[in-house]
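Chains, contacts and geometry: an overview
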Amino acid sequence: MKQLSEPPAPVEERTVRRVVPRELFTLKRDPLPRMSRPRWLAWLPHVLLGYAAIPCGVLTGMQLNDHYGVLGTAVLGLSLLTSASVLLSMFRPIAAWWLGLVTAALIAWAIHGHVGQGQSWPWTPAGPFTFAPLVLMVALRVPPRVTVWVIGITLLLSGLAEAVLRPPHSQTMILAAALVLGFVGILGYALRATRLARGKLVEQETLTEEERARRTLLEERSRIARELHDVVAHHMSVISIQAQVAPHLVENPSEELKENLTGIRENALEALTELRRVLGVLRSEQPDDPANPHHPQPTLAELDGLVDNVRGAGLDVTTTIAGIRRPLTPGVELTAYRIVQEALSNCLRHAPGSQAEVGIAYGPRDLHLCVANSAPTRPAPPSQGAGHGLLGMRERAGMLGGELAAGPRPDGGYEVSAVLPMDPRTDSLDGAPGSSPDLKKDA
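Rules of the game
- In this convention, every chain numbers its residues from 1, walking through the sequence in written order.
- Since the coordinates come from a predicted model, pLDDT governs what is reported: local features require at least 70, and pairs of side-chain atoms require 80 or more to be given and counted, while whole-chain, interface and lining totals use all residues.
- With hydrogens and water set aside, each side-chain value is computed from the structure's full complement of heavy atoms.
- Strands here mean DSSP runs of E at least two residues long; helices mean DSSP runs of H or I at least four residues long; both are numbered from the N terminus.
- With a 1.4 Å probe rolled over the protein chains alone, any residue whose accessible area is under 20% of its type maximum counts as buried; one over 50% counts as exposed, and the rest are partly exposed.
- We call two residues in contact whenever any of their non-hydrogen atoms come within 4.5 Å of each other.
- Residue exposure ignores everything except the shown protein chains as possible cover, and the areas themselves are Shrake-Rupley values with a 1.4 Å probe.
- Working definition: a ring pair exists when centres of Phe, Tyr or Trp rings (six-membered ring for Trp) sit within 6.5 Å. Plane angles under 30 degrees give stacked, over 60 give edge-to-face, the rest tilted.
- For two strands to be treated as a pair, DSSP must find at least two bridges joining them.
- When the strands point away from the viewer and the connection leading from the first strand across the helix to the second strand turns clockwise, the crossover is called right-handed.
- Here an angle of 0 to 180 degrees is reported between the N-to-C directions of two axes, which are lines fitted to C-alpha atoms, with helices fitted over the stretch in contact.
- Any residue that is not Ala, Val, Leu, Ile, Met, Phe, Trp, Tyr, Cys, Pro, Asp, Glu, Lys or Arg is counted as polar, Gly included; the first ten are nonpolar and the last four charged.
- Each salt bridge in this description consists of a side-chain nitrogen of Lys or Arg and a carboxyl oxygen of Asp or Glu lying within 4 Å of one another.
- In this analysis, the expected span of each helix is defined as 1.5 Å times one less than the number of residues it contains.
- The arc in question is the one traced by the directions running from the helix axis out to the C-beta atoms.

**A closer look at the overall build of the protein chain**
The number of helices and strands found in the protein chain is 13 helices and five strands. Taking all 443 residues of the protein chain together, the buried fraction comes to 37%. In the protein chain, of all internal contacts separated by at least 6 residues, the share reaching a separation of at least 24 is 74%. Surface exposure of the protein chain reaches about 26300 Å², of which carbon and sulfur atoms provide 61%.

**Points about the packing of aromatic side chains**
One pass over the full model with this rule turns up three aromatic pairs. Each ring, one from Phe25 and one from Trp98, has its centre 5.3 Å from the other, and the planes form 25°; the classification is stacked. Taken together, the positions of Phe25 in the loop between helix 1 (11-24) and helix 2 (44-67) and Trp98 in helix 4 (residues 93-111) put the pair 73 residues apart, joining distant regions of the chain. When the centroid spacing of 4.5 Å and the interplanar angle of 50° are considered together, the rings of Trp97 and Trp98 count as tilted. Of the residues examined, Trp97 reaches a relative accessible area of 0% and is grouped as buried. Aromatic ring contacts, followed pair by pair, group Phe25, Trp97 and Trp98 into a single cluster.

**Description of the pairing of strand 1 (residues 316-322)**
One ladder, built from seven bridges, connects strand 1 with strand 2 (residues 355-362); its direction is parallel. From the neighbouring strand, Val317 faces strand 2, where its bridge partner is Ala356. Note on the crossover from strand 1 through helix 11 (residues 330-350) to strand 2: the handedness is left-handed.

**A word on the packing of helix 2 against helix 5 (residues 127-141)**
Orientation of helix 2 relative to helix 5, taken along the N-to-C sense of each, is 145°, at an axis distance of 9 Å. Residues Leu49, Cys56, Leu59 and Thr60 of helix 2 touch helix 5, and the partners they reach there are Thr130, Pro133 and Met137. Considering only residue class, the contact of helix 2 with helix 5 consists of five nonpolar, two polar and no charged.

**So, the sheet that holds strand 4 (residues 403-408)**
If you trace the five strands from one edge of the open sheet to the other, you get 1-2-3-5-4, paired in mixed fashion. Edge positions in the sheet fall to strand 1 and strand 4, since each of these pairs with one other strand and no more. Strand after strand, the sheet turns through a mean of 10° between neighbouring axes, direction not considered. Looking at chain direction, strand 3 (residues 366-373) and strand 5 (residues 414-421) are connected through eight bridges and run antiparallel. In the strand pairing of strand 5, Val371 is matched with Val416. Contacting strand 1 and strand 2, helix 10 (residues 303-312) crosses the sheet at an angle of about 160° to strand 1.

**Focus: the pairing of strand 5**
Regular strands have side chains that alternate between both faces of the sheet. Both strand 4 and strand 5 contribute to a ladder of six bridges, which runs antiparallel. In the sheet register, Ala405 faces strand 5, and the bridge partner there is Ser417. Here strand 4 folds back onto strand 5, and the loop between the two strands holds five residues, one of which, Gly412, carries a positive phi near 95°.

**What to know about the pattern of salt bridges**
According to the stated counting rule, one finds four salt bridges in the structure shown. Here Glu415 ties to Arg409 by a salt bridge, and the two come within 3.8 Å at their closest N and O atoms.

**Some thoughts on helix 3 (residues 73-88)**
The end-to-end C-alpha distance of helix 3 is 22 Å, a good match for the 22 Å that 16 residues give at a rise of 1.5 Å each. When we look at burial in helix 3, the residues that qualify are Val75, Leu78, Ser79, Thr82, Ser83, Ser85 and Val86. Each buried residue of helix 3 lies within a common arc of 155° when the element is viewed along its axis, so the set occupies one face. Of the exposed residues in helix 3, the ones pointing more than 90 degrees away from its buried face are Thr73, Leu76 and Leu80. Those residues of helix 3 that are buried are in contact with helix 2, helix 4 and helix 5.

So this is what it looks like as structure tokens:
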């Protein structure tokens, strides 16, 4: 009978087997990260580690000289190696750990013949504490499994040295080293987990804010589409009626003319039907949207009523109209009204007690809008909105190929200004200077 072969190791286990040795024998640069908060203490870990390197080296030299009686240049060299390994851990933690192991082995070899009754070996009494910064720096920068291997290899080599080369009458330090290194390993893991969690939280907050802004943008575009439905539907209805009436306005119309006009009317009715279906889909997402098809869309002719409502809410508003006031295309009228409405709403929310000015100028080709307010006289209450009113105004202006600018004024107030073309062209979405880049990207 054939013997069943053992199942292959899981992919994660095979990956760990390959990754751990690679991470244990790497010399790659891995600088110690700075503190994010508070910013003025960003380099505090580096300063503390730099200062820690000095007492580690001094303590090693004092232990070798006073406790074990080791003299000569070896004391200076081992002290410098101890300090160098701590400083190196600031940039290359794994390489610093290996250098620390080599230094610990050299110290054990240097004191081997000087160990007296009850003295510790292979670690000096201060050895685990001077080695602890290396393990801490490793735990701060590498995954936990690598930290476990680092501590395990350190204790394993210490145990082998004690089992094979332990001097007579010496005292073991394995348990004390295990406690110290285990503690700093757990401390480093906790600090690393906190730093990673904080970074993930900041990243998630950024993604959430971007997603919220994009969702608000899509909702605003949907609202604009619903509001412009009446405008488009009106034009399509007019085309259909004109195509139906045209044959009766011509004496003895030819059959070809009748067929063409009938085709125009049928296409217009079909387009109007499809438009209403699309509107139904959009309106099903926002059943309570104020853009109700049974109510006409507002125009600049209703600006006085809007200003009166805002005055009734407690905002001092003055209106200035320059140029020859004349009716505009429905899309421009609706967009101008909504921009002024949103700008005045922002004045009410964010600048209580201020004075607002609404300026409208009819130019030869463009309509100029300006809504400005003075500095608020009392603090604004917390806003419950999403804070994307400017985004909607920019979308409305960009849809027509216009431009909108907003920003603070030198006197502490705020100003919103827009330029809308009188006769927006449909090709403004295909590369006009005022077109919205997001619309072009999504097209």
